[in-house]
Each structure stands twice: as structure tokens, then as C-alpha cells.
Amino acid sequence: MSDEGRRRHGASEPAPAKAEPGGVVVIGAGPGIGRSVAARFAREGLPVALVARTDRTVKAVAEAIAPAGVRVVALTADSADETALREALDTAAAEIGPPDAVVYNAAIVRPDEPGELSVREHLDIWSVNVIGALTAAAHVAPGMARRGGGSFIVTGGMPEPKPDYVSLSLSKAGVRTLVALLDGRYGTSGVHVASVTVGGVVAPGTDYDPDDIAEHYWRLHTQPRQEWEHEIVHGA
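Residues numbered from 1 in each chain as written. Predicted model: local features only at pLDDT ≥ 70, side-chain atom pairs only at ≥ 80, totals over all residues. Heavy atoms only, no water.

## Describing the layout of surface pockets
Then, in step 1: Each pocket or cavity is described by its volume, and for the largest pocket that value is around 1000 Å³.
Then, in step 2: Among the elements of the structure, helix 2 (33-43), strand 2 (48-52), strand 5 (150-157) and helix 6 (166-186) are those that each provide at least two residues to the lining of the largest pocket.
Then, in step 3: With three residues, the top contributor of residues to the lining of the largest pocket is strand 5.
Then, in step 4: Across the lining of the largest pocket, the residue classes tally to 20 nonpolar, twelve polar and five charged. (1 Å grid on protein atoms, 1.4 Å probe; cavity = no way out; pocket = protein on both sides within 12 Å on 5 of 7 lines; lining within 4 Å. Points joined across faces, edges and corners; volume = space filled by probe spheres on them. Helix = DSSP H or I, 4+ residues; strand = E, 2+ residues; numbered from the N terminus. Nonpolar A, V, L, I, M, F, W, Y, C, P; charged D, E, K, R; others polar.)

Structural data, given as C-alpha cells:
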């Protein structure tokens, strides 16, 4: 029947094919928050792609979440290496489909006082803590925007700057600004950009238990658009 005939006879338009749900990509899939976030999403039946700097780290996390029974893809890439990170994201998309969620959890965390680090050391830390997140977002967020939805969540920290953690304070302030910039660019297209700011040292069985922190990521991913939050602070 022609389109005109459908309208004349009151027939409804065929519904567009619904895309298969994608999974989650966790960048910085280490033994703490990264593993707990991957496990939390896997419990909901989502396939998981893990990205870590070393093969040993990513394989250990993959083995830890294997009992969830979902597809798990383990990839290695240094988040400061733009080419390697983009290639890992492409491989993840080929293996589990265009992601519904990307979590950027990579970071260099170390104490340092004003003037202690060289310019090169500051730039190396910034390249992981901030620019890696920007690279990942620039690679995946446009596709999410075209599809009309998705979550890009960054692990933040340092609710207040501390003079004995200069590089971390600066870079986490950069993360906070990056989230605002990405929301301004992609939020109107349905991409939920947010950060989970962790205000203390992550350790199982404490107020900063990674399993408890991981709940924030899942809640952000599943929030209705009218209830979107752009920063959740765990602890202070």
C-alpha cells in the first residue's frame, strides 16, 4: 500500500527498527572503582568493554566480572595515547556495539606540593586525568548524539583543592569544567554527561567502598532526562 493509501485507510506508519541496546565501556578498569562499575553494569545484563593500561590489570578485572555471564572484552591502551585510546574505543564498539555508556575512570593520583613537579610531570598527569577524558568524549559522544542518547560519566575528585595535592586538585577542577563543556555541546542531543566526585581514599569496607560508589554511576546512567544530575559527590 502506498503512503497515501495508508493515510486514507487510517493505517499506522511502520515503527522504525529499534536499535539493539549497547553496553558500557570502562576506561581505567583497575581493581577499585573501575572493576566495581563494570560489575554493576554487568549485573544489569549489559556487555562490558574494559580498557586499562596493562594487560595484567585488564585481564584480572575481566576475570572478576566473568561470573555475571555477560560478554566481556578486555583491551589495553594508555589513555594518554590518543591513537591507542581511539583504536580501543573502535574495537569496543565493533565487539559490543556502539556503547550506551562510557565511564572514564583513568587517573594519576599522587601527592605533590606547589613547585614540586616539573612542567613535564604536570603535563603528563593532565594528559591522563583530563585530556584522555576529552579524547574519549570526542570519539564517542557525537555518535551518542546522533542516536539520541547515552551516558558519558567521568570519575572526579577533590571536592575542595588541597595544597598537598596540587596536580590532582588542578586536574579534577579541569574534569568538572570539561563535564560542563560537554554537557553544553551534547546534552541537548540526549547525551547525559556527568561526574562522580569521590572525596576520599577508595577502599572496600570503608565509607568509600568502590561497590557503593559504583551505584552512583548506574543511577546517573538510568536517570530520566528531566532528573539529570551532572555531579554526584560521594563523601566530603
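There's more to say after this.
## What to know about the environment of Gly 174
Then, in step 1: Mapped onto the secondary structure, Gly 174 falls in helix 6.
Then, in step 2: Judged by its relative accessible area of 12%, Gly 174 is buried.
Then, in step 3: Separated by 58 residues in sequence, Gly 174 and Glu 116 have C-alpha atoms that sit 20 Å apart.
Then, in step 4: Setting aside chain neighbours within four positions, we find Gly 174 in contact with Trp 126 and Val 130. (Buried < 20%, exposed > 50% of the residue type's maximum accessible area, 1.4 Å probe, protein only. Contact = heavy atoms within 4.5 Å.)

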